[in-house]
Amino acid sequence: MTVTDLAATDQRDSSRLELLYHISREIASRLDLANLLSRILHLTAESVGAVNASLVVLDEQGKVSYGALLFNGRVIGNAAEQLTPYVERGLAGWVARHKEGVAVANAEDDPRWYVLPSAPPAGPKAVVAVPLSWRDQVVGVLTLVHTLPGYFGEGDLALLKAIADQAAIAIDNARLFAAEQRRRALSDTLQQVSRTINQTLDLDSVLPLILEQLGRVIRSDSSAILLRDTTGENHLRVVAARGFKEPAAMLNQTFSASGVAFRVVNQRRPIVIDDVRQEPDWIEGNTAEQRLIRTWIGAPLMVKGDVIGVLTVDSYVPGSYSEEDGRVVAAFAEQAATAVVNARLYEEIRKQAQTMAALAETAQAVASTLDLDEVLRLLLSRVAIALSVEAVSIALVRDDQLEFKVAEGVASQGVVGMKLKLGQGIAGWVAKSGRPVLVPEVKSDPRFFGEVDLMIGFVTRSIICAPITVNDRVIGVIQALNPRRGNFNVDDLNLLSGIAEMASNAIAHAQLFVDIQAAEARYAALFEDSIDPILITDLSGQITDVNRKAVDFLGYTREEIRRLSIGAVHRMGTGPVGTERFRSIAAGKEVSFETRASAQDGREVPVEVHAKRIVQGGQEFIQWIEHDISERLQLEEMRSDMVSMIFHDLRSPLANIMSSLEVLEASLPPNDEALASVLAIAVRSSQRLSRLVDSLLDVRRLESGKAVLHRENVSINALIAEAAEQVHPVADGKGIVLRLDAPPRLPSINVDADMIRRVVINLVENGVKYTDAGGTVTVSAKADDEAITVSVKDTGPGIPASEHTRIFTRFARIYRDGAPKGLGLGLAFCKLAVEAHGGKIWVESEPGQGATFSFTVPLNG
């Protein structure tokens, strides 16, 4: 190599170093990508003497995101669209895919070189191209062109690789800077959107502002916000739009569930479509702008996992948006969702406040009167004001018909008095079903009864109707027809239902007031004309009123009686006339007792008194009904004496019969089974008759307290076994199973054995008597620390709860068809006998479920 060649080489190396130095300075001083790339392209081409040059920047998908072109000494920026074909089909694309630089002596001889079909022949040229790589990813391609073949050598290729490495770093820095700027801009914009949302709750104002702010961050030709239908229909409705010549034409457009927007709804994530014309489910809108859309972004408006709408951004150029743009739109969609939720919550609260105010005003109005007609009129007036409708009416149910009582508004005079059958028309359907209804278009509803309109000259378009119920019973309906503005909605129906519920209470109170007035009038008539003396006292016992019969019965004047207390009428110490007893009556307990009433002339008349609390005029009193029982006591005494005489006289011949039967039984031939059976029946019957006589006498002695108990220590198991043995033949004869279910070792008890044995026999006989063939009577016993409990359970027809106490009184029987006959003394005896031993007896039963009689006997005697 000559000295001249060395000098030339040194000069060229010096120029390259100077070029690298200048490029390094440019990279350090510039963060704007467009200006940086244009400057690098110009310096590089000028230093190596290139005629033309290009520098493209590639995104993550390898597509041209930016391009700069040097042509005829002038740098052209924003040349991405022009350079894309060369990257997709030419040498630059090969370099990007293979990640290596290349120097071509003559591009015309290289198949990788691409020339536009429309370009004229340009002749031979030299080309050098290198990739801009950063972190093992090609971020761009630098290409230089010269008209002289073989112009570029290995040194030029090495120089361009060095420049490319620095340019790649510069591009990455510029991208980071641009991304940070975008993030800041996005953050500032979202903050501004958030402030806007917090300043207003009007969707018509805030949603267009969100679209306007979005347009500052992402370039778009149009954008829109669509919300899902809140009525349950699966539609999206446009509520805000931007970029349309006639925005009103866009608003309220609806899109069905088959479009790309519902793809966003179903997938719950933002979607970027490079060319919607290639999508089979793309639905073209009605406006001219919608027919120009190519690139489309849709992001869901999410609230607690539910999609309430979609935010869309449109471009007329295919492939205009990236996934990053989709994420930006999603951020604005979150703000839009927040705005929608806040606005809806505010609207709901506002409507609830209006509803509560309307209900409060209605309640205050109807509470001011108890007149039924006035209540109905006030209710209608409030409904008409709250709902702003053409007509309202209230109909009440009577005799399976719906009668319109009051009406207000258009043609109201013709409505009052009309009657519909239950189920006829929409109002009749509501009355029959008990369910409220909203009918937006009555002509399309088969329940509508159009004859009413023809009769009164009215045209019904839409209706809301709610039932008026009291204790789950429909007593009427309230309906509103034809809103003056807009359409009926669910909130209107809820308001009407609330008023209907209030109407039910008001109507019930008004009707109750009428009924109370009528009842008080009836009570006054019955009080004065009663055949029994009636006295009314306050809760302390001071007499406040008496009827005519009480005046005659006691011999006082009304004025004299009103100065007395109930204690002056009833002898003190008899009946519940003490202060403590008054308190129980005042608490609602009804009391019946027998005592003697003191008349003015000194007579003492036996009376049965029924006392209970009553309410008159809002005040509480005690009503005392005095029933003269003088004749009844005389008859009972005569009957008791006669019964005692009769049964005393029966005992001697009955004893002779029983002893005679014993003699006969002893003298019978041993093998005469038929005669023995007949004799056994006679013996059992005489024993039963003897027990009946003894029970009658014992009942009388026990009631008078004169009975003497012959106590002895006995086994309850033995008494149960003896009782079962006596009843067993009767049970076998009826086909009834008699079971004994008692532990083998029960403690002994100190009782009158004969009396307790008869108690068990009576209970078992009762069970057998009332149990059908095939049934079961079970006798059981158990012991605890204090007493032994014996129970007799049958599978008979059972005993009504109302009879559980009465059946233990003398001569009490349950009357039912086909029931066995009896005197009604057995259970009365059982009760008296058990109580004489310090125990208690009771029954547990439900109709159709059999009965269980139980009694206790104390262990300590």
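Everything that follows concerns the structure shown earlier in this document.
Overview of the structure. (Residues numbered from 1 in each chain as written. Predicted model: local features only at pLDDT ≥ 70, side-chain atom pairs only at ≥ 80, totals over all residues. Heavy atoms only, no water.)

For the pair helix α3 (residues 80-89) and helix α4 (residues 91-98), interaxial distance at closest approach is 5 Å and the crossing angle is 55°. Considered as vectors, α3 and α4 are oriented oblique to each other. Once α3 is placed against α4, the crossing between them reads as right-handed. Residues Y86, V87 and E88 of α3 touch α4, and the partners they reach there are L91, A92, G93 and R97. Broken down by class, the residue content of the contact of α3 with α4 amounts to four nonpolar, one polar and two charged. (Axes fitted to C-alpha atoms, helices over the stretch in contact; angles between N-to-C directions. Helix = DSSP H or I, 4+ residues; strand = E, 2+ residues; numbered from the N terminus. Parallel < 35°, antiparallel > 145°, perpendicular 65-115°, else oblique. Left-handed = near helix turned anticlockwise from the far one by under 90°. Contact = heavy atoms within 4.5 Å. Nonpolar A, V, L, I, M, F, W, Y, C, P; charged D, E, K, R; others polar.)

Further remarks concern the nonpolar core. Within the largest apolar cluster, 44 residues are counted, with the highest numbers of intra-cluster contacts made by I716, V759, L763, V764, V790, F853 and F855. Mapped onto this core, the elements with two or more residues apiece are α21 (716-734), β26 (749-752), α22 (753-769), β27 (776-783), β28 (787-794), α23 (826-836), β29 (841-845) and β30 (851-858). Ranked by the residues each element gives to this core, the list is headed by α22, at nine residues. Among residues more than four places away in sequence, those in contact with I716 are L746, I749, I756, I788 and V790. Membership of the second largest hydrophobic core comes to 30 residues, among which are A45, Y66, L142 and F152. (Core = buried A, V, L, I, M, F, W, Y, C linked by side-chain atoms within 4.5 Å. Buried < 20%, exposed > 50% of the residue type's maximum accessible area, 1.4 Å probe, protein only.)

The method is simple in principle: a probe with the dimensions of a water molecule rolls over the atoms, and the space it marks as empty is what remains. A full pass over the atoms with the stated rule returns three cavities of 30 Å³ or more. Each pocket or cavity is described by its volume, and for the largest cavity that value is around 300 Å³. Elements with a minimum of two residues in the lining of the largest cavity: β13 (389-398), β14 (401-409), α11 (412-415), α12 (425-433), α13 (451-456) and β18 (473-483). Across the lining of the largest cavity, the residue classes break down as 19 nonpolar, six polar and two charged. Within this model, the second largest cavity holds a volume of roughly 230 Å³. Looking at the second largest cavity, it is lined by 19 residues, and the ones nearest its centre are L226, F255, W282, Q290 and W296. If you list the elements that add at least two residues to the lining of the second largest cavity, you get β7 (222-228), α8 (260-267) and β12 (306-315). Counted by class, the lining of the second largest cavity contains 13 nonpolar, five polar and one charged residues. (1 Å grid on protein atoms, 1.4 Å probe; cavity = no way out; pocket = protein on both sides within 12 Å on 5 of 7 lines; lining within 4 Å. Points joined across faces, edges and corners; volume = space filled by probe spheres on them.)

Glancing now at α4. Along α4, six of the eight residues are buried, which leaves the element largely enclosed by surrounding structure. Within α4, burial applies to L91, A92, G93, W94, V95 and A96. A positive backbone phi angle near 55° is found at K99, which sits one or two residues after α4.

Below, the discussion takes up the packing of aromatic side chains. For the coordinates displayed, the defined rule picks out four aromatic pairs. Judged by centre distance (6.4 Å) and plane angle (70°), the ring pair of W282 and W296 falls under edge-to-face. With a gap of 14 residues between them, W282 in the loop between β10 (271-273) and β11 (295-303) and W296 in strand β11 connect regions that are remote in the sequence. An identical accessibility class is assigned to W282 and W296; each is buried. Above the plane of the ring of W429 lies R447, whose end atom (NZ or CZ) is 4.4 Å from the centre. Between K840 and the ring centre of W842, over which it is positioned, the NZ or CZ distance is 5.4 Å. (Phe/Tyr/Trp six-rings, centres within 6.5 Å; stacked < 30°, edge-to-face > 60°. Lys NZ or Arg CZ within 6 Å of the ring centre and 35° of its normal.)

Attention now moves to the packing of α22 against α23. Direction vectors running N to C along α22 and α23 enclose 145°, while the axes themselves pass 9 Å from each other. For the crossing formed where α22 meets α23, the hand is left-handed. Along the contact surface, α22 presents M755, R758, V759, N762, L763 and N766, while α23 presents G826, L827, F829, C830, A833 and V834. Looking at the contact of α22 with α23 residue by residue, the classes come out as eight nonpolar, three polar and one charged.

With respect to topology, five strands assemble into an open sheet ordered β25-β27-β28-β30-β29, the strand pairing being mixed. At either end of the open sheet lies a strand with only one pairing partner, and these are β25 (737-741) and β29. The mean angle between the axes of side-by-side strands here comes to 15°, regardless of whether they run parallel or antiparallel. The pairing of β25 with β27 spans five bridges and is classified as parallel. Following the sheet pairing, L740 is matched in β27 by V779. Strands β25, β27, β28, β29 and β30 of the sheet are contacted by α22, whose axis makes an angle of about 175° with β30. (Pairing = 2+ DSSP bridges.)

If you trace the five strands from one edge of the open sheet to the other, you get β20-β19-β23-β22-β21, paired in antiparallel fashion. Bordering the open sheet on either side are β20 (543-546) and β21 (591-598), each of which pairs with just one other strand. Averaged over all neighbouring strand pairs, the angle between strand axes comes to 35°, with direction disregarded. Bridge count between β21 and strand β22 (residues 604-616): eight bridges; the pairing is antiparallel. When the sheet's bridge partners are listed, V591 is paired in β22 with A611.

Positioned with a positive phi, K304 is a non-glycine residue whose angle comes to about 50°. By the element assignment, K304 lies in the loop between β11 and β12. Of note in this structure, D399 is not a glycine but carries a positive phi near 55°. Topologically, D399 is positioned in the loop between β13 and β14. Under the relative-accessibility criterion, D399 is labelled exposed at 69%.

This part takes up the side chain of T771. Mapped onto the elements of the fold, T771 is located in the loop between α22 and β27. Under the relative-accessibility criterion, T771 is labelled buried at 1%. Within the local environment of T771, its side chain forms a polar contact with the backbone oxygen of G767, the two atoms lying 2.6 Å apart. Apart from residues lying up to four places away in sequence, T771 is in contact with K734, I736, T776, V777, D794, T795 and G796. (Polar contact = N/O pair within 3.5 Å; in protein donor to acceptor, adjacent residues only side chain to side chain.)

With respect to the helices and strands, the residue I40 is situated in helix α2 (residues 33-48). The sequence separation of I40 and L55 amounts to 15 residues, and the corresponding C-alpha distance is 8.8 Å.

With the rule as written, the count across this model stands at 19 salt bridges. Note that E620 and R613 form a salt bridge whose closest N and O atoms lie 3.7 Å from each other. Residue classification places R613 among the partly exposed residues on the basis of a relative accessible area of 33%. A salt bridge links R758 to D754, with the shortest nitrogen-to-oxygen separation between them at 3.2 Å. Within this pair, R758 and its partner D754 are both found in helix α22, separated by four residues, close to a single helical turn. Residues participating in the shared-partner salt-bridge network are E722, D754, R757 and R758. (Salt bridge = Lys/Arg side-chain N within 4 Å of Asp/Glu carboxyl O.)

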